[in-house]
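Chain and residue survey
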Amino acid sequence: MPINNISGCIGCETCVQVCPTDVIRMDPKTKKAVIQYQADCQICHLCRMYCPVDAITITPDKSIPVVVSWG
Ligand code: SF4
Ligand code: SF4
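Computed from a prediction, not measured in an experiment: that's the story for all the values here. Throughout this description, residue numbers start from 1 for each chain and increase along the sequence as written. A letter from A marks each chain and a number from 1 marks each ligand, given out in the order of writing. A pLDDT threshold of at least 70 governs which residues receive local features in this predicted model, and a stricter bar of 80 or more applies before side-chain atom pairs are shown or counted, although totals over entire chains, interfaces and linings include all residues.

Our focus in this paragraph is the overall build of the protein. Across its full length, the protein holds 2 helices and 4 strands. Residue pairs are scored as contacts if the distance between their C-beta atoms, which are placed from the backbone, is within 7 Å. Taking the contacts inside the protein whose residues are at least 6 apart along the sequence as the reference set, 51% of them involve residues at least 24 apart. Think of it this way: any DSSP run of H or I at least four residues long counts as a helix, any run of E at least two long counts as a strand, and we number them from the N terminus.

Quick look at unusual backbone geometry now. Not every positive phi belongs to a glycine, and Glu 13 is a case in point at roughly 70°. Within the secondary structure layout, Glu 13 lies in the loop between strand S1 (3-6) and helix H1 (14-18). By C-beta crowding, Glu 13 is classed as partly exposed, having 15 other C-beta atoms within 10 Å. Notably, Lys 31 is not glycine yet its phi reads approximately 60°, a positive angle. Topologically, Lys 31 is positioned in the loop between strand S2 (24-26) and strand S3 (33-35). Our exposure labels follow a C-beta count within 10 Å of each residue's own C-beta, placed from the backbone: buried means 20 or more other C-beta atoms, exposed means 12 or fewer, and partly exposed covers the counts in between. Classification of Lys 31 by C-beta neighbours within 10 Å gives exposed; the count is 11.

Here it is as structure tokens:
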């Protein structure tokens, strides 16, 4: 499973901009991020890492091991 939940989004649109495969879109009504094309998720974790409020959950199954420390 790829990205599977967005909860607590503050609508900054960062995840929409960083996702390489356009999985996430902004809902024009709620102004929050929604998972639009989940099947296209490459499990790259960029959206999760860039989200300022940790709103994005990616299921650990098949996820790439985190070997690089960003910081
Ligand atoms: S994990 Fe990567 S491919 Fe999947 S939704 Fe996030 S940024 Fe897009
Ligand atoms: S990066 Fe986080 S807070 Fe910003 S739009 Fe995406 S889910 Fe919402």
